[in-house]
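Close look at the chain arrangement
Okay, here's what each chain looks like letter by letter:
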Amino acid sequence: MLHSHAVRGVSAVAVQAAVLAWASEASAQSGANVLPSVTVEAPASARPKPRKPAVHTAGATSRSAKPVASAERTTPPVAVGDQGAGTAHPSLEAPAAVTRYQLPQRSFSITAKEVEETINLKDPEDAVKYMPSLFVRKRNDGDNNAVLATRSWGLNSSARTLIYYDDLLISALIGNNNTNASPKWNLISPEAIGRVDYLNGPFAAAYPGNSIGGVLLITSKMPDKPFAVAKETVSVMPWNQYGTRDVYPTSQTSAAAGGRDGKLSWLVSANYLDSFQQPLTYTTNGSIPAGTRGAFPARNKVGQEADVVGTGILARSQQTSANLRLAYDVAPLVQATYSLGIWNNHQVSDPQTYLRSTATGLPTFAGISTFASGKYIWDQTHLSNAVAIKSDTKGLFDFDLSASSYNYLEDTQLNPYTVAAAGVGFSQNGKITRMDGTNWQNADAKGIWRPFGYGGPHEISFGVHGDRYSLENPTYGSAVWYQAATATGQLYANSQGETRTGAVWLQDAWKIQPDLKLTLGGRLESWQALDGQNVVTLANGAGAITSSFTANQPGLASTNFSPKASMSYDPNKDWNVTANFGEAYRYPTVLELYQNVTVGNTITVANPFLKPEQDFTGELNIERHWNDGRVRLTLFRERTNNAIISQTNAINATQTATTFSNVDAIRLQGVELSADKDNVLVQGLQLFGSVTYVDSRILADANWAGKDPLTGIPTTVVGKRVPYVPDWRAKFGVTYRPNESWAYTVAARYSGKQYSTLDNTDIVSHVYGAFDNFFVVDLKIHYNATKNFAFDFGIDNLFNEQYFLFHPFPGRTFVLAGKYTF
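Here we summarise the structure given alongside this text. (Residues numbered from 1 in each chain as written. Predicted model: local features only at pLDDT ≥ 70, side-chain atom pairs only at ≥ 80, totals over all residues. Heavy atoms only, no water.)

1. Regarding the overall build of the chain
Helix and strand content of the chain: 5 helices and 39 strands. In the chain, which comprises 822 residues, the proportion classed as buried is 61%. For the chain, the proportion of contacts with a sequence separation of at least 24, taken over those separated by at least 6, is 70%. Accessible area for the chain stands at about 29,200 Å²; split by element, carbon and sulfur atoms hold 61% of it. (Helix = DSSP H or I, 4+ residues; strand = E, 2+ residues; numbered from the N terminus. Buried < 20%, exposed > 50% of the residue type's maximum accessible area, 1.4 Å probe, protein only. Contact = heavy atoms within 4.5 Å. Areas by Shrake-Rupley, 256 points an atom, 1.4 Å probe, with all protein chains shown as cover.)

2. A short note on the environment of Trp575
Inspection of the secondary structure assignment puts Trp575 in strand β26 (residues 575–586). A residue is classified by how much of its surface remains accessible, and Trp575, at 35% relative accessible area, is partly exposed. Taking the C-alpha atoms as reference, Trp575 lies 9.9 Å from Val631; in sequence the two are 56 residues apart. Aside from chain neighbours lying at most four places away, what touches Trp575 is Tyr569, Asp570, Ile622, Glu623, Arg624 and His625.

3. Considering the nonpolar core
If you look at the biggest cluster of nonpolar residues, it comprises 72 residues, and the most contacted ones within it are Val196, Tyr207, Leu216 and Ile218. Those residues in contact with Leu216 that lie beyond four places of it in its chain are Val128, Leu148, Leu162, Ile163, Tyr164, Trp185, Val196, Asp197 and Tyr198. (Core = buried A, V, L, I, M, F, W, Y, C linked by side-chain atoms within 4.5 Å.)

4. Points about the pattern of salt bridges
Under the criterion given, the structure shown has 42 salt bridges. Here Lys122 and Asp796 are joined by a salt bridge, their closest N and O atoms 3.6 Å apart. Of the two residues, Lys122 is situated in the loop between α4 (112–118) and β2 (135–136) and Asp796 in strand β36 (residues 789–796); the sequence distance between them amounts to 674 residues. Across the pair, exposure class does not vary: Lys122 and Asp796 are buried alike. In this structure, Asp166 and Arg325 form a salt bridge, with 3.3 Å as the shortest nitrogen-oxygen distance. Pair noted here: Asp166 is in the loop between β4 (162–165) and β5 (168–169) and Arg325 is in strand β14 (residues 315–331), with a separation of 159 residues, a long-range link. What makes Arg325 buried here is its relative accessible area of 5%. Here the salt bridges share partners, and the residues they tie into one network are Lys122, Asp123, Asp126, Lys129, Lys138, Asp141 and Asp796. (Salt bridge = Lys/Arg side-chain N within 4 Å of Asp/Glu carboxyl O.)

5. Focus on unusual backbone geometry
Residues other than glycine seldom take positive phi values, yet Gln102 does so here, at roughly 50°. Topologically, Gln102 is positioned in the loop between α3 (96–101) and β1 (107–111). At Asn642, a position not held by glycine, the phi torsion is positive, near 60°. With respect to the helices and strands, the residue Asn642 is situated in strand β30 (residues 629–650).

6. What to know about the side chain of Asp615
You can see Asp615 is positioned in strand β29 (residues 613–626). For Asp615, the side chain forms a polar contact with the side chain of Thr617, separated by 2.6 Å. Reaching out from Asp615, the side chain makes a polar contact with the side chain of Thr640 at a distance of 2.6 Å. The contact partners of Asp615, leaving out residues within four places of it in the chain, are Trp153, Pro202, Ile212, Gly582, Glu583, Ala584, Glu638, Arg639 and Thr640. (Polar contact = N/O pair within 3.5 Å; in protein donor to acceptor, adjacent residues only side chain to side chain.)

7. Side note on the packing of aromatic side chains
If you walk through the whole model with that rule in mind, you get 28 aromatic pairs. Note on Tyr406 and Tyr408: the rings are 5.9 Å apart at their centroids and 75° apart in plane angle, and the pair reads as edge-to-face. Centroid distance Phe774 to Tyr803: 4.5 Å. Interplanar angle 20°. Geometry classified as stacked. Taken as a pair, Phe774 in strand β35 (residues 774–784) and Tyr803 in the loop between β36 and β37 (804–805) lie far apart in primary sequence, 29 residues in all. Using a relative accessible area of 4% as the deciding quantity, one classes Phe774 as buried. Members of the aromatic cluster, connected to one another through ring pairs, are Tyr242, Tyr282, Phe296, Tyr354, Tyr768 and Phe806. Sitting over the face of the ring of Tyr492, Lys431 holds its NZ or CZ atom 5.5 Å from the ring centroid. Its guanidinium or amino end placed over the ring of Tyr101, Lys446 lies 5.3 Å from that ring's centre, counting from NZ or CZ. (Phe/Tyr/Trp six-rings, centres within 6.5 Å; stacked < 30°, edge-to-face > 60°. Lys NZ or Arg CZ within 6 Å of the ring centre and 35° of its normal.)

8. Some remarks on a nonpolar patch on the surface
Together, Leu681, Val682, Tyr736, Tyr744, Ile781, Phe793, Phe814 and Leu816 give the surface a local cluster of nonpolar side chains, amounting to about 760 Å² of exposed area. Relative to the assigned elements, Phe793 resides in strand β36. (Patch = residues over 30% accessible without salt bridge, like charges linked within 9 Å, V, L, I, M, F, W, Y side chains within 5 Å.)

9. Here's the deal with the sheet that holds β5
Read across the sheet, 5 strands follow the order β1-β6-β7-β4-β5 without closing on themselves; strand pairing throughout is mixed. Every interior strand has two partners, whereas the edge strands, β1 and β5, have only one. The sheet contact formed by strand β6 (residues 193–199) and strand β7 (residues 215–220) spans 6 bridges and is antiparallel. Paired with Leu199 across the strands is Val215, a residue of β7. (Pairing = 2+ DSSP bridges.)

10. A few points about the side chain of Lys731
Its place among the elements puts Lys731 in strand β33 (residues 728–736). Buried within the structure, Lys731 lacks any salt-bridge partner; its nearest side chain of opposite charge belongs to Glu672, at an N-O separation of 8.8 Å. At 2.8 Å, the side chain of Lys731 and the backbone oxygen of Lys129 are in polar contact. Each residue touching Lys731, except ones within four places of it in the same chain, is listed here: Val128, Lys129, Tyr130, Met131, Leu134, Phe688, Gly689, Ser690, Ala748 and Arg749. (Lys, Arg positive; Asp, Glu negative; His and termini not counted.)

11. Quick look at the pairing of strand β39 (residues 813–821)
In the sheet, strand β8 (residues 227–241) pairs with β39 via 8 bridges, with the strands oriented antiparallel. Bridging from a neighbouring strand, Val234 pairs with Leu816 of β39. Sheet topology note: the β36/β39 ladder contains 8 bridges and is antiparallel. Of the residues in β39, the one forming a bridge with Ile795 is Phe814.

12. Quick notes on the environment of Ala97
In this structure, Ala97 sits in helix α3. Taking the C-alpha atoms as reference, Ala97 lies 8.6 Å from Leu217; in sequence the two are 120 residues apart. In contact with Ala97, other than residues within four places in its own chain, are Gln102, Leu103, Tyr207 and Leu217.

13. Structural notes on the environment of Lys394
Structurally, Lys394 is set in the loop between β17 (376–391) and β18 (397–416). Exposure remark for Lys394: the relative accessible area of 15% places this residue in the buried category. Put simply, Lys394 and Leu333 are 61 residues apart on the chain and 9.4 Å apart in space, counted from C-alpha to C-alpha. Of note is the side chain of Lys394, whose polar atom sits 2.5 Å from the side chain of Asp392.

Below is the structure:
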């Protein structure tokens, strides 16, 4: 089985070979031009070298991208090095993807240099920590369930945001949750990041409906001369919550090296992380077990008794990742790239009980079977491939071909079936939950036609897209729970199915006047779900199956057209006003349709009859920019019909059920104000911040039939807030750079209350399972000791704010890092 998966995983190489032959045709537009090199980490005073196509390089200071002034749009932009197109702050410039395809979205950006100076970077997702409205549900270092939340979509919306690492889609669109559908951040070594750009909204026809939350673009830095860098990061988090008092350390080693030899450039990066994690879950019970002491009396988020009797998941994770990226100049101004990534995770969890027998004084599980869910061994090996070839002639026509695949070579979790009748032991038999065999592929072909030449009044882009997502998720019985080879063959559960999407799109960027641009586009998509099957069994307390049921799910299909429109006006060189509108369809994922699974004490029940979401989003942006800063005001409004929303409700004091349903209509509207300015009052002082307010409401849900969990009285959802969307978000930070050697940063993040139930009955805060408001302050000191050595000291969550977003989130964490550049 593993061999066949590996073959599929590297099949993208064949795509590269097929398209290389066609690449030579594009060279006719390029004349005798030769691809020049790109400078990496050039000094501030250095001018960039001439353009080279499709090369990703590191950037430097500042945080937000400004629109290119109208007078500048008639000249071809150059590829940016660390200092961009010769400006002091390259992240104020439009991202390469925006410039290439004339994308209508406003953007926020951050470069590798600023990340290094201002953020306690332990994982690649840390880079977006202070971007306006964004929040990553990162529960611990190396978290493989870190979902990106945007201004109008929350922590359970992984399929409503697209995240790309160069040509590889790392969003796991196989699902829309914050567990096994989380983005595959772990494939990226922090030292390989060159720049991160965020584009708001579904306003570009080039992206599928999963862009309703936005598009995050992470680009690597490809060198033109030999280089190598190594970094060691250590963090320590003291922890004291309920009955768990400990210190949890993490060590991380990351490295990158690369170079260029003639037409070939290469970048290899690797990362190893060893993380001891605070409790990710707690074990609760509807009462304190008789004959025990040590429990912590508590309520759950809806007010039911849920006494905390111990931890659930208390894990150590050891992760290794490696990436290889090759770029080859096939012809003048035509470049082919290939990326290979592999990630391995070995995680072991041992739950801790707080209960003691009153008779013996010894620890005991008191027969509470949910402790068994927190005991596991989890092994994962995932493989990714991406291949692309693109031209960058700035002539009459340019093209961009890409394909990628992602494969679960191994994904196996071993659990004991239950706990022993007494003491802290577990049953000998257990369960084996597998996802190996799960895979997906994406392919795109894009073109740009400039009938009046580069910078002319019309620039027409178009493309075709195809994707396929396949789920394999059986659970077997095991005679010896910690030995995967002892599977008995009895099938406890199975979830499998497939989704496919094909699309064509077209966009015309029409420059009506030098300061006025109208962008019109549309996307036609055809989606289907097929081969869905679920196996459900009932078993007794010892694990023997008593009954079994197999359901072959019906196929689904939908074809939809999504129009896009944008108008951008520059009153003068310092101001920009942009109005955007986009309709988008977000299709149900294969996990939402077919995956029935139990994780810990939460049961997830799929819905094979879900309808696609239909989303309408509009926004108005007013921006004032300087050469070292900008301020932007955004008014936005969004309506989603048939919104697919998951809800977690309590079955009893120890178990919860997560279900999926279409909510007839929801509306989200609000305002986002962001600003970023260097040299405020004194040279070297940078201020940045943002405030976002969202008024979210459920407009209609005819199928709602819920009741208050305490009183049993029927409730309503109309007029209630949309789950997982906080009303307020705010960020503010100060960075002071007195010279080239030092950078000092203080930054704060705030999020308001959010609900996780459609009827907003989860009103109890700061308990396990709740979704709390929080205010967190971070510190960072960066020191360039020499040309080669750099050191960091930081504190995340300075005031040790304790809050829950279902899971308990990290407390005060001390970070120390050292980096050497060869």
